[in-house]
Amino acid sequence: MSEEFNDNKTIHAQSSETISGGGSSAAPDIDYVRPAEVEEQDLYHGHSFITKWVFCQDAKVIGVQYFLLATFTGIVGLILSWLMRLQLGFPGAAGFMTAEHYYQFVTMHGMIMVVYFLTALFLGGFGNYLIPLMVGARDMVFPYLNMVSFWMFFIAVGVLMASFFVPGGPTGAGWTLYPPQTILEGTPGSGAGILLMCLSLILFVAGFTMGGLNYLITILQARTRGMTLMRMPLTVWGIFTATVLAMLAFPALLVGALMMSLDKVLGTSFFMPTILKAGEVLEYGGGSPILFQHLFWFFGHPEVYIVALPAFGIVSDLISVHSRKNIFGYRMMVWAIVGIGALSFFVWAHHMYVSGMNPWFGFFFATTTLIIAVPTAMKVYNWILTLWRGNIRMNTVMLWCLGFIVTFVNGGITGIFLGNVSVDVPLSDTYFVIAHFHMVMGIAPLMVIMGAVYHWFPLVSGRFLDEKLGKWHFWTTFLGAYSIYFPMHYLGFIGVPRRYFEMYDSPYMTSAVGMNEFISLAAFLVGAAQFILIYNIIKTLKTGKRAGSNPWKACSLEWLTPSVPPEHGNWGDRLPVVHRWCYDYSVPGAKEDFITQTTPPSEVQNTGVEKT
Amino acid sequence: MSNLIKKLFGTLLQKPWDKDQMVLDTSHTGKTFDISSQKSAVIIIFGIATVLFSLIFTAYIYSIPPGQDTMYLLKPNLLWANTIILFFVAYFFSRITKDLEKKETSKIKKNLIIVGGLSYIFLFGQLIFWTQLMKSGNYVTTNTYFSSFYIFTAIHGLHLLGGLFFWGKVSSRVLKLEQNKILDEEKNISALSWYWTFLLIVWLGFFLMIYVFNDTFIDWCKSLVS
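Source: prediction; values computed, not measured.

Student: Break down the overall build of chain B for me, with residues and values.
Tutor: Helices and strands together make up the secondary structure of chain B, namely eight helices and zero strands. Beginning at the N terminus, the succession of helices and strands in chain B can be written as α-α-α-α-α-α-α-α. In summary, chain B has a C-alpha radius of gyration of 22 Å against a globular reference of 17 Å for 226 residues, an excess of more than 25%. Principal-axis analysis of the C-alpha atoms gives chain B an extent of 70 × 50 × 30 Å. Within the span of chain B, comprising 226 residues, buried residues form 28% of the whole. Within chain B, contacts between residues at least 6 apart in sequence are counted, and of these 79% link residues at least 24 apart.

If you want it as C-alpha cells, here you go:
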C-alpha cells in the first residue's frame, strides 16, 4: 500500500502576492498576508477503482456517496408513503396491505426520512462536499475516519433494510418507538424488526460521530489563511451548528436504542413497568416508559434543527447569490443559528404534553418553544430583506428558495399553535400535527435540497441542469405539496386521528373520504415528480450545457478551485488566501457585481462598503 | 474559560465587511484554537461522552427501585481497587506529560507500557467484579439499579477499550522510535493522556453518583433539614 502514497505532495501555501505574480505593487500593505502557519496535509491518493471511488478518502467523493445512498433510502421512504396514501385514500386498493403492514410502513417511512435521508443528506452529503471547499482546506482533517463514517452509514442502512426481510418484518411501533408496546408481542416487528432498528440506529450514531468529528475540526482548525469564522458562508455555519447539536443529541438516541435492545434481549426493565398481559404478570418491572420518551425527544427535537440549520444556511447563500445582494444581517443570521441551536435543547418536552406531565413543566416548555420562534422569525425577515431591491434571477434555484420561505413560514406558524399546551392537547394525534411537521421539516428542507442540487450541480459535474425541466419539477412539487398538506390541516381541525389504518364506520370515513382521495392523488403526483430530477441529472450528465468556472458568479471559495469539478486536494499547488467575506455582491464602485473572496483589496480599491 | 467566552462573543461581534476588520481578518492563520487536531478530537469526544454518561446517570437516578440496598456497591469490594488502579494510570500519564514538557524521553516508553498494562488490569478487575456480583445473585435483570450499574461499567469499559486501541497504535509507533525521535509523537501521546484523565473523571463522577444518590444519604440529608 505504501507505494500509493507516491503522489503525496507536501506543498506550502503562498501569499496572494506570490500567486498573482506580485501584482499588488500599488498598495502592498493592504494585501499583506502572513506566511502559512497551518501545516500542509498529506493526502492519500487512490489509484485503483476501489480506492478512488469505493473506499475513497476524498471528502467530495464521500459526499456524493452519502448523497446517493441517502437518496436511495429517500426513494424507499417515498414508496412507503405512496403505499400509506393508497390505503388512506382508497382503502383496500392495495390488496396485500393489513393494518400491521400499514404501521410498519408508517414507522419505516418516518425513521428513514428523518434520520437516514434528511440528516445523512444535509450533513453527510452537503457537509462532506462543501466544508473543505468553502473553508479552503484540501480535505477533512481525518480522511480515513471520514471514509469509515460513510461505510458505517452504509452498514446501518443495510441493517435497516434487512428488517424488511426478517420474520415479522420491520418494527411497526411508530417512528418514536415508544416502549413498552414496541417490544411486546402484538406490535408488528416486535422481534427481530425492533432489534435491527436499534442496531441500525446505534451504527448510524457511531458512524455519524466519526463524520461529525471531521466536520467540526476541519471548520475550527483547518481553514485557510484569512478565513475567519465570521467570513465563513452561512452554509458552513449551519452545518457546523447542526453537527454540534448532533454530537450532543445523538448520544440520547444511542442510550435509548441500547437500553431498549437490552430490555428486549436480556430482559432488563429500563423502560418496562410492571405489566399484566392476559391476566399474567410479565417478568418486567420497575422501569419507566416516560424515561424513553425523554431520551427520545432529547434527541428528537434537536434533530429537527439538525435538519433545519443546514437548510437555513444553504438557503441564505442561494438567496444571496441569486439576488446579487449581500445577505441581510449576516451577524444576526449567525447569532440566530447559534441561538436556535442552543434553545433547541430546552424544548424537547413539547412533544410530550399529553404524557401526563406536571403543568408547570408544560408551561416551561411552551415558553421556551415560543421563544425559539424569535430567532427563527429573524431569519425569515432577513431572507426577505435580502431579496428586497435585489437583482433577482428568477431561475430554478430561486424558485426553490422562495418555495422554501413560504413553506417554512407556513409550517412555522402551525408550530406556534402546537407549542401551546392548551391548543396542542386537542390537536395532538390528529392530522394537524402531520401537516405541521411535514411542512416545516419535510417539504421546507426538501425545497432547500432541491435548490442546492440545482445550484451546486455545475460544480460537481461541470454542467448546468436543464432549467425547463427544473421549473416543471418545482411547480409540480410546490403545488402538489400544498395540495397534500393544506387539506390535512382541515382534517386535523375536524378531529381525524393520525396513525389509523382506516376510519371504519366513524363519521370521518364519510366526511373526509373525498379529501383523503384528493390528498392521495396529489401525493402520487408529487412523488412521481421527483423522478423528473433523476431524469434531468442523467440527461445533463450526457448532454447538459457546460458550466465552466464559477458559472453563477459567486464570491465564495468553492467556486474558485483551479479545476471544475475540483480534483482531490481541491486547490492545486497553492491553498487560496481569503481577503474578504463571501457576500460582496453589487458592491458600489466595483466593475462586476461580485468580488470573490480571494480578490485582494488592491484590485478593487475604489469600492465602497455595502452596509448590512 | 472567561477567555474562551470573550473570544467566542468577540468573534460573533465582528463585522467582516468593515474595512478595518478586513485588514485584521486577512492576517488570520485559519486556526481557531492553538491545539493539535488530535487534541481537538479528544475534546470533542469528551463532550459526546459527557452527554452519554450523563444520560446513563440520569437513567440510574430515575430508576433506583424502592427498598434497594443502595450502599451495596460501596461496601469493601474490587471497585475500590479498580479505582486506585485508574488513579495510578493517571499518575503515570502525568509523568509522561511532564517528561514531554521537559523533552526528557528516557522513561516514556516504559511508562507507556505501564499505563497500558494497568488499564488492562482495570478491565480484568471489572470483569472479576461482574462475576462476583453475579455469584451474589445480582444480575443485569435483577432490578433497574443493577441494570444501570452494568450498562454504565460496560460502556466505560468500551470507552477504555477504544482508548486502548489508540494506545496500541501510538505505543507500537513509539516503541519502534529511537529515543531522540519520540518527541515527534508528542501530539498523539498528550492526546492519549487527556483521554485517560477524562476516563478517570467519568469514573469518579460515577462513583460520586452512586455514593450520593442513595437512600441512606438522602435520609441523612432529610434528617439535617428536619
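Student: Explain the overall build of chain A to me, using residue names and the numbers behind them.
Tutor: Helix and strand counts for chain A stand at 17 helices and two strands. Compactness check: chain A gives a C-alpha radius of gyration of 25 Å against a globular reference of 25 Å for 612 residues, within 12% of the reference. The C-alpha extent of chain A, read off along each of the three principal axes, is 90 × 55 × 50 Å. For chain A, the residues scored as buried account for 55% of the 612 residues in total.

Student: With reference to specific residues and values, describe unusual backbone geometry.
Tutor: All names here are of chain A. Residue proline 179 is joined to proline 180 through a cis peptide bond whose omega torsion reads 5°. Its place among the elements puts proline 180 in the loop between α5 (143-162) and α6 (192-221). Between valine 564 and the following residue, proline 565, the backbone shows a cis peptide bond with an omega angle of -5°. Checked against the element boundaries, proline 565 lands in the segment after α17 (513-543).

Student: Report on the interface of chain A and chain B, specifying residues and quantitative values.
Tutor: By a widespread convention, an interface's size corresponds to the accessible area lost as its parts come together. Taken together, the 49 residues of chain A in the interface contact 38 residues of chain B. Elements with a contribution of two residues or more to the side of chain A that touches chain B: α6, α7 (234-265), α8 (289-323) and α9 (330-343) of chain A. If one sorts the elements of the side of chain A that touches chain B by residue count, α7 of chain A sits on top with eight residues. Across the side of chain A that touches chain B, the residue classes break down as 28 nonpolar, 13 polar and eight charged.

Student: So what about the packing of helix α4 (residues 99-135) of chain A against α5 of chain A? Which residues, and what values?
Tutor: Residues and elements named next belong to chain A. At their nearest, the axes of α4 and α5 sit 12 Å apart, and the two run at 160° to each other. Put simply, α4 runs roughly antiparallel to α5. As for how α4 packs across α5, the hand of that crossing is left-handed. Touching Tyr116, Ala120, Gly124 and Asn128 of α4 are Asn146, Phe150, Phe153, Val157 and Leu160, all from α5. When its residues are assigned to classes, the contact of α4 with α5 shows six nonpolar, three polar and no charged.

Student: Before we move on, can you summarise the confidence of the model for chain A with the specific residues and values?
Tutor: Low pLDDT means the predicted atomic positions in that stretch should not be read closely. Across chain A, pLDDT averages 91, with 93% of residues at or above 70. Confidence drops under pLDDT 50 across residues 1-28 of chain A; counting only partners more than four residues distant or on other chains, this segment forms 39 contacts.

Student: Describe the confidence of the model for chain B, with residues and values.
Tutor: Residue and element names in this part refer to chain B. Looking at chain B, pLDDT values average 87 and 95% of them are 70 or higher. The spread of mean pLDDT over the elements of chain B runs between helix α8 (residues 215-225), the lowest at 70, and helix α5 (residues 108-135), the highest at 94. Interface scoring of the predicted complex returns ipTM 0.88; its pTM is 0.91.

Student: Kindly report on the environment of aspartate 573 of chain A, identifying the contributing residues and their values.
Tutor: Structurally, aspartate 573 of chain A is set in the segment after α17. Expressed as a C-alpha distance, the spacing of aspartate 573 of chain A and proline 562 of chain A, which sit 11 residues apart in the sequence, is 9.4 Å.

Student: So, the packing of α8 of chain A against helix α12 (residues 396-419) of chain A: which residues are in play, and what are the values?
Tutor: Residue and element names in this part refer to chain A. Remark: α8 packs on α12, axes separated minimally by 10 Å, with the N-to-C direction vectors making an angle of 130°. On the basis of their axis angle, the class for α8 and α12 is oblique. As for how α8 packs across α12, the hand of that crossing is left-handed. Together, Val315, Leu318, Ile319 and His322 of α8 and Val397, Met398, Cys401 and Phe404 of α12 make up the contact between the two elements.

Student: Go over α9 of chain A, please, and point to the residues and values.
Tutor: Here α9 of chain A contains 14 residues, and its C-alpha end-to-end distance of 20 Å stays within 8% of the 20 Å for a straight helix at 1.5 Å per residue. Residues Tyr330, Met333, Val334, Ala336, Ile337, Ile340, Gly341 and Leu343 of chain A constitute the buried set of α9 of chain A. If you follow the buried residues of α9 of chain A, they end up packed against α7, α8, α10 (359-371) and α11 (373-387) of chain A together with α1 (2-13) of chain B.

Student: For the environment of leucine 192 of chain B, give the residues involved together with the corresponding values.
Tutor: In this structure, leucine 192 of chain B sits in helix α7 (residues 186-212). Leucine 192 of chain B has contacts with Phe166, Trp167 and Val170 of chain B, leaving out every residue within four places of it along the chain.

Cut-off values and rules
Residues numbered from 1 in each chain as written. Chains lettered and ligands numbered in written order. Predicted model: local features only at pLDDT ≥ 70, side-chain atom pairs only at ≥ 80, totals over all residues. Helix = DSSP H or I, 4+ residues; strand = E, 2+ residues; numbered from the N terminus. Rg over C-alpha atoms; globule rule 2.2 N^0.38 Å. Buried ≥ 20, exposed ≤ 12 C-beta atoms within 10 Å, placed from the backbone. Contact = placed C-beta atoms within 7 Å. Nonpolar A, V, L, I, M, F, W, Y, C, P; charged D, E, K, R; others polar. Axes fitted to C-alpha atoms, helices over the stretch in contact; angles between N-to-C directions. Parallel < 35°, antiparallel > 145°, perpendicular 65-115°, else oblique. Left-handed = near helix turned anticlockwise from the far one by under 90°. pLDDT = per-residue confidence, 0-100. Expected span 1.5 Å × (residues − 1).

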